[in-house]
Amino acid sequence: MSPQPQAAVGAPLSRVEGRLKVTGQARYAAEFDIDGAVHAVIVDASIGRGRITGVDTDDAEAVPGVLRVLHHGNAPALPYRDNSSGSNNLPGRKLRVFQDDRVLFHGQPVAVVVATTLEAAQHGASLVKVRYDAERPTTDLAEGEPGEPTRYARGDVEAGLRDADVRLDLTYRLARNHHNPMEPHATIARWDGNRLTVWDKTQWVPGTQLELSTVFGVPLDSVRVINPYVGGGFGSGLRCWPHTVVAALAARVTGRPVKLVLSRRQMYFGTGFRPSYDYRLSLGGDRNGRLVAADHRIDAETSSYETFTEAVMTPGQMLYSTPGVRQAYRTVPLDVHTPIWMRGPGAATGVFVVESAMDELAHELGVDPIELRRRNEPAQDPSNNAPFSTRRLLECYTVGAREFGWQRRKQKPRSTRDGDWLIGMGMAAGVYHTAVAPAQSRARLNADGTAVIECATSDMGPGTYTSQTQVAADALGLAVRAVDFRLGDSRYPQTPPHGGSQTMASVGSATLDVCNQLRQQAVRLAVEDEESPLHGVSPDDIVVRGGRLHVRGNPARGESYQRLLTRNGRARLEADTSFTPPRGERFSISGYGATFTEVAVDATLGLVRVRRMLSVYDAGRIISPKLADSQAIGGMVGGIGQALLEHTVTDHRDGRIVNANLADYLVPVNADIPDLRAIYLDGEDYDADPLGVKGLAELVICGVAPALANAVFNATGRRVRELPITAEALL
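These notes cover the structure that comes with them. Given the structure is predicted, the values throughout are model-derived calculations rather than measurements.

## Description of the overall build of the protein
Point 1. Secondary structure assignment for the protein yields 17 helices and 30 strands.
Point 2. Relative to the compact-globule value of 27 Å for 731 residues, the protein shows a C-alpha radius of gyration of 27 Å, a close match.
Point 3. Looking at the protein as a whole, 61% of its 731 residues are labelled buried.
Point 4. Expressed as a percentage of contacts within the protein between residues at least 6 apart in sequence, the contacts between residues at least 24 apart total 81%.
Point 5. When the accessible area of the protein is evaluated, it comes to approximately 27400 Å², of which 46% is carbon and sulfur surface.
Point 6. Averaged over its 80 positive side-chain charges, the protein has a centre that lies 2 Å from the centre of its 84 negative ones.

Put into structure tokens, the structure is as follows:
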């Protein structure tokens, strides 16, 4: 078949669902009006470790409107049918809500109050009295007992570090971060006999469906998960959390639909977080600025009942050409809730350490930071010797330096002032692996010239509705307004988690394939139809534009989908697909970026202000420039938060999160965000996927925090190796 004209892909379109959102017509998980729904409020454990010795519910049950109070002493046993999907995908095997008396972390659900009104449920929850046999929890990463490490090694690290002209021994500490999406996590659960329907905030509709099937021991097709809109996620919705199970359990026991919405405070211990890290790095280089060896020792928090890991080792293995690399990554079980992936998972942490250390080495050697990176640019992936599909990091440096005005940077720290402000510039590289997974989709071309595409993916904000509509519109040769892309329902074809920057590559490829199939069906119908103007034309010579099939180069010879289908008595054409990624391990495939930033630091107070930021990305084909800018700016804002503000504080005496609110857990606001700009290198990577995309949402945060830390050093001469960078650290 001839390639289709591309009118929608690459165009800076506004979100197709934008009007629904700004007018309040888009319904989120807690906003569905379900007949007979009652309200549930969770009672959280007030200790960090121990056992429940008693639960007094008399006062709560006396509140008018309270229907039931459930806890481990009266809740029905749940089968928790075994599932082989793996601990990181569906890790809820060891925290079985209301199934025993153990308390594994502060804030664990220990009871739930169900009432006819939210106010009654809240009041009832405040009256539940839980007695404990409390133990002192271990919640400090420095006090935990690490598990066995995951290791990686190449070359002779000991000899490289011993013989290095310059050796740096560095320790970095990164605070725990919480996602804090605008929409709180919420679930509405309803049972109809043995069939369960949940309206749930999730980034993985099929995953939540599978988890609930597993927990309640019902067939997979007896569980339906509905999730058309997500008000931000950043990774917090990548698994089914205990509150969803609690809502479904309460609905089963009461025989009523149950709505359960976490409070902002509960989201700090009811869902996951980016884990805290202690990261020690020994880095050696020669006088010519060539890296010779690197020794990475990484400790990360996980829960005592599940093991969470992420790809924190990757940047240290492949970002630079280093002959000797050794890594040991240990998880440290603590009495905390289980972490989960957060934007740029693993990579944002690993890149911070590697890129901060590269800046330190450049300073020690008296070499420009970009030049040092150029001298260590690998020709192929050093971790596995695979060729890069595309790697245009050097071009990112060149374009970024030119557009940012890097030549004005003074290499000597503390050399530039603006009144009381110390001015500094910093830069850092970024990398995130390109993920692509199997995905399914189905599509229908209607006789009226409209199309419907369905799959069970999500849209937590990157613009899935819009970008998938653009791909479908071009593949079918339709106007964007003629395409209806539907998502967020487990009855639709299955898709991978909506995270890891894999949705465009995976779901987008399925959308492309299924719409190509539909167009080809229509073309075959036309060339075989003796009444069609296209009868007998080679299918390879036919394209579709504006819903009209015609001969390439001869738009006058053709007809519309509507006329073709109506004449042939076809109400619709239908197709479905199961996309499987074609690539093996032939290439190393990642997205790359370079971030440049300028900061001002108050010389007296130590306050850091970001003045401007520019990032240049090698991210393959950009489907929607307007959405890409939204992602890039959001990632930069998130990186500013990681570098300068965000820090989950735990009281290690009992495991309580001290700043579990948006007054004390600081995130960037408009006043913190100045001139942010993104540039995307033209190109595509068809070794990655049929669309040529690499994914953007994770990449855009990777490199921001180290660029800021490096700029702070350039401004002040003080190297801060602990995130977030506080005023106290600079005084």
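The structure having been displayed, the exposition proceeds.
## Description of the environment of proline 497
Point 1. Inspection of the secondary structure assignment puts proline 497 in the loop between strand E20 (483-486) and helix H13 (503-528).
Point 2. Along the backbone, proline 497 and alanine 456 are 41 residues apart, and their C-alpha atoms lie at a distance of 9.6 Å.
Point 3. In contact with proline 497, not counting residues within four places along its chain, are Gln203, Trp204, Leu238, Gln502 and Thr503.

## A short note on the sheet that holds E20
Point 1. Spatially, 4 strands are ordered E20-E19-E18-E24 in an open sheet, and the strand pairing comes out mixed. This sheet does not close on itself; its edge strands, each paired only once, are E20 and strand E24 (572-579). Taking each pair of neighbouring strands and ignoring which way they run, the sheet shows an average axis angle of 15°.
Point 2. As judged from the 8 bridges shared by strand E18 (residues 439-446) and E24, these two strands associate in the antiparallel manner. Across the sheet, arginine 444 pairs through a bridge with glutamate 574, a residue of E24.

## Points about the packing of helix H12 (residues 464-476) against H13
Point 1. Between H12 and H13, the least distance of the axes is 8 Å, while the angle of their chain directions is 30°. Classified by the interaxial angle, the pair formed by H12 and H13 is roughly parallel. Here the hand of the crossing between H12 and H13 comes out right-handed. Contacts from Thr464, Ser467, Gln468, Val471, Ala472, Ala475 and Leu476 of H12 reach H13 at Thr503, Met504, Val507, Gly508, Thr511, Leu512, Cys515, Asn516, Leu518 and Arg519.
Point 2. Class assignment for the residues of the contact of H12 with H13 results in 9 nonpolar, 7 polar and 1 charged.

## A closer look at unusual backbone geometry
Point 1. Across the junction of leucine 723 and proline 724, the peptide omega takes the value 0°, indicating a cis bond.
Point 2. By secondary structure assignment, the location of proline 724 is in the loop between strand E30 (722-723) and helix H17 (727-730).
Point 3. Despite not being glycine, asparagine 180 shows a phi value in the positive range, around 50°.
Point 4. Along the chain, asparagine 180 turns up in the loop between strand E8 (166-174) and strand E9 (186-192).
Point 5. In the Ramachandran plot, serine 501 falls in the positive-phi region, its phi being about 55° despite a non-glycine side chain.
Point 6. Mapped onto the elements, serine 501 comes out in the loop between E20 and H13.
Point 7. You can call serine 501 buried: its relative accessible area is 12%.

## Regarding the environment of glutamine 440
Point 1. On the secondary structure map, glutamine 440 appears in strand E18.
Point 2. Spatially, the C-alpha atoms of glutamine 440 and threonine 457 are 9.7 Å apart, while their sequence positions differ by 17 residues.
Point 3. Apart from the residues lying within four places of it in its own chain, the contact partners of glutamine 440 are Cys455, Pro493, Gln494, Thr495, Ala510, Thr577 and Ser578.

## A closer look at the side chain of threonine 650
Point 1. One can find threonine 650 in strand E27 (residues 650-651).
Point 2. Overall, threonine 650 belongs to the buried group, its relative accessible area being 19%.
Point 3. Excluding anything up to four places from it in sequence, threonine 650 contacts Thr139, Arg176, Gly655, Arg656, Ile657 and Val658.

## Re the pairing of E20
Point 1. Residues Val483 and Phe485 of E20 are buried on one face, while the alternating residues Asp484 and Arg486, pointing to the opposite face, are not.
Point 2. The pairing of strand E19 (residues 451-454) with E20 spans 4 bridges and is classified as parallel. Directly across from valine 452, in E20, lies its bridge partner aspartate 484.
Point 3. In this view, the connection linking E19 to its parallel neighbour E20 by way of H12 has right-handed handedness.

## A word on the sheet that holds strand E2 (residues 50-56)
Point 1. Sheet architecture is open: 3 strands sit in the order E4-E2-E6, paired in antiparallel fashion. Looking along the sheet, the strands with just one partner apiece sit at the ends: strand E4 (102-103) and strand E6 (129-134).
Point 2. Sheet topology note: the E2/E6 ladder contains 6 bridges and is antiparallel. Each residue of the ladder has a partner; that of valine 55, found in E6, is valine 130.

## Describing the packing of aromatic side chains
Each aromatic ring pair is specified by the distance between its two centres and by the angle formed by the two planes.
Point 1. Within this structure, the stated rule accounts for 12 aromatic pairs.
Point 2. Measuring from ring centre to ring centre gives 5.4 Å for tryptophan 191 and phenylalanine 216, while their planes differ by 70°; the resulting arrangement is edge-to-face. Of this pair, tryptophan 191 sits in strand E9 while phenylalanine 216 sits in helix H5 (residues 205-216), and the two are 25 residues apart along the sequence. Of the two residues examined, tryptophan 191 and phenylalanine 216, each falls in the buried class.
Point 3. Across from the ring centre of phenylalanine 404, 3.8 Å away, lies the NZ or CZ of arginine 612, which sits over that ring.

## Thoughts on the pattern of salt bridges
Point 1. Summed over all chains, the structure comprises 42 salt bridges.
Point 2. With a closest N to O distance of 2.7 Å, lysine 129 and aspartate 59 form a salt bridge. Here aspartate 59 lies in helix H2 (residues 58-61) and lysine 129 lies in strand E6, a separation of 70 residues in the sequence.
Point 3. A residue is classified by how much of its surface remains accessible, and lysine 129, at 40% relative accessible area, is partly exposed.
Point 4. Ionic pairing is found between aspartate 192 and arginine 190, a salt bridge with its closest N-O pair at 3.3 Å.
Point 5. Residues participating in the shared-partner salt-bridge network are Glu158, Asp295, Arg297 and Arg326.

Definitions and cut-offs
- Residues numbered from 1 in each chain as written.
- Predicted model: local features only at pLDDT ≥ 70, side-chain atom pairs only at ≥ 80, totals over all residues.
- Heavy atoms only, no water.
- Helix = DSSP H or I, 4+ residues; strand = E, 2+ residues; numbered from the N terminus.
- Rg over C-alpha atoms; globule rule 2.2 N^0.38 Å.
- Buried < 20%, exposed > 50% of the residue type's maximum accessible area, 1.4 Å probe, protein only.
- Contact = heavy atoms within 4.5 Å.
- Areas by Shrake-Rupley, 256 points an atom, 1.4 Å probe, with all protein chains shown as cover.
- Lys, Arg positive; Asp, Glu negative; His and termini not counted.
- Charge placed at Lys NZ, Arg CZ, Asp CG, Glu CD.
- Pairing = 2+ DSSP bridges.
- Axes fitted to C-alpha atoms, helices over the stretch in contact; angles between N-to-C directions.
- Parallel < 35°, antiparallel > 145°, perpendicular 65-115°, else oblique.
- Left-handed = near helix turned anticlockwise from the far one by under 90°.
- Nonpolar A, V, L, I, M, F, W, Y, C, P; charged D, E, K, R; others polar.
- Right-handed = clockwise from strand over helix to strand, strands pointing away.
- Phe/Tyr/Trp six-rings, centres within 6.5 Å; stacked < 30°, edge-to-face > 60°.
- Lys NZ or Arg CZ within 6 Å of the ring centre and 35° of its normal.
- Salt bridge = Lys/Arg side-chain N within 4 Å of Asp/Glu carboxyl O.

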